[in-house]
Amino acid sequence: MIAQPLTVLDHHYQELRDDGEDVIKGLSKNPKTLSPKYFYDDHGSQLFEKICELPEYYPTRTEAWILQQYADEIATITNCCELIELGSGSSTKTQALLDAYQKIADSCRYLPIDVSGGILKTSVLQLQEKYPDIDIHGLLGTYEQALVHLESNYLQSRMLFFLGSSLGNFNPEECDIFLNQVSRTLQTGDYFLLGVDLQKPKDILEAAYNDSQGVTAAFNLNMLSHLNWRFQGDFDINLFKHQAIYNQVDNQIEMYLHCQKNHLVSLEALDLKVSFEEGESILTEISRKFDLATMEKQLQSKGLKTVKTWTDEKGWFGLILCQLK
């Protein structure tokens, strides 16, 4: 297969827009919330890459180790198929899979999907150079938008994958909706590879989201800068402070921005004004921690039968490969 010229990228780089209704809804609630998708403008994506390198932040390196160990086995089980990644970021971990599929097929197709246009375009260009025999197309959009798009654009057998325990950002109801969408996007015999962070002691979890270098704090606060840029806002990030706590009842990390002073924020593009009081908080993210057996049962209820699971030696993180029956 002739390597695809890098200039072809723009023909496959589709932007899927949203209108900020979730921001209006979230900031009008009590307590206030924001979707974690707003972490990921270009700067936020760069900060997250730094988070992944922090000594306290175990999930990325642990999942990467599992992928390095078992990518060949995953490729052997699924055989040649279209590879679709939700929330691809820099696609660093994904290269273990691309290497494995390249061994078993003369050609392959990889569709990375992300909300950050800058990091998506950069990663696609780099991957096209490294993997000239793989047909690579970047799609810019949210998970929900991408899954709707994919439902009506079915080309061949698929493996959809969702790594980094991003599923943990959804509450139980949102998780149920998401897994229904995944099932609709796949056809019988297709695969879904899911990475999930597993339950572990509170001190390990809280350290991972309150790192000593303050990178996670900068990442959390950058959400407000992103909203300022996208919706013509005037958030003053100096008036907010980051905190992450582990809720042991619901088995989830909760990440907050705490307001330090009474003030008013305007988002002109949304025709929205929001009052903040000192001590008031915005919940910016939950990161649920899962039990492997319970997760497998939920997937089974969506027609996604577990084929095989893999974990690290400590049992801190799990990969579940399932198939739509």
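Rules used throughout
Throughout this description, residue numbers start from 1 for each chain and increase along the sequence as written. Local features are withheld for residues below a pLDDT of 70 in this predicted model, meaning they are given only at 70 or higher, and side-chain atom pairs are given and counted only at 80 or more; totals for whole chains, interfaces and linings count all residues. In computing side-chain properties, one takes all heavy atoms of the structure into account and sets aside hydrogens as well as water. One requirement defines pairing of two strands: DSSP has to find at least two bridges between them. Helix and strand labels come from DSSP, where a helix needs a run of H or I of at least four residues and a strand needs a run of E of at least two; each type is numbered from the N terminus. Only heavy atoms matter for contacts: two residues are in contact if any of them lie within 4.5 Å across the pair. Only the contacting stretch of a helix is used when fitting its axis, a line to C-alpha atoms as for every element, and angles between N-to-C directions run 0 to 180 degrees. Salt-bridge detection follows one rule: a side-chain nitrogen of Lys or Arg within 4 Å of a carboxyl oxygen of Asp or Glu. Burial classification: accessible surface area is computed with a 1.4 Å probe over protein chains only, and a residue below 20% of its type maximum counts as buried, one above 50% as exposed, and the rest as partly exposed. Convention used here: a crossover is right-handed provided that the path from the first strand, over the helix, to the second strand proceeds clockwise when the strands point away from the viewer.

Caption draft 1: Structural context of the sheet that holds strand β2 (residues 32-33). With mixed pairing, the four strands of this open sheet are ordered in space as β2-β13-β10-β9. Of all strands in the sheet, those bounded by a partner on one side alone are β2 and β9 (240-247). The sheet contact formed by β2 and strand β13 (residues 281-288) spans two bridges and is parallel. Opposite K32, over in β13, you have I282 as the bridge partner. Sitting on the sheet, helix α9 (residues 215-231) is in contact with β9, β10 (252-259) and β13, with an inclination near 60° to β10.

Caption draft 2: Layout of the pattern of salt bridges. Enumeration according to the criterion identifies 11 salt bridges in this entry. Between K308 and E73 there is a salt bridge, and its shortest N-O distance comes to 2.4 Å. Of this pair, K308 sits in strand β14 (residues 304-311) while E73 sits in helix α3 (residues 58-78); the two residues are 235 residues apart in sequence, bridging distant segments of the chain. On the basis of relative accessible area, K308 is assigned to the partly exposed category, the value being 34%. Residue E73 is classed as partly exposed on the basis of its relative accessible area of 25%. Salt bridges sharing common partners tie together E82, R109, D135 and R158.

Caption draft 3: How the structure looks around the pairing of strand β7 (residues 158-162). Taking burial as the measure, the five residues of β7 include five buried ones, the bulk of the element. Burial along β7 is two-sided: R158, L160 and F162 facing one way and M159 and F161 facing the other are all buried. Pairing of strand β3 (residues 82-86) with β7, which is carried by four bridges, proceeds in the parallel orientation. Across the sheet, the residue bridging to L83 is M159, located in β7. Pairing of β7 with strand β8 (residues 191-197), which is carried by four bridges, proceeds in the parallel orientation. Residue pairing in the sheet places M159 in a bridge with Y191 of β8. Taken together, β7, helix α7 (residues 172-185) and β8 form a β-α-β motif whose crossover is right-handed.

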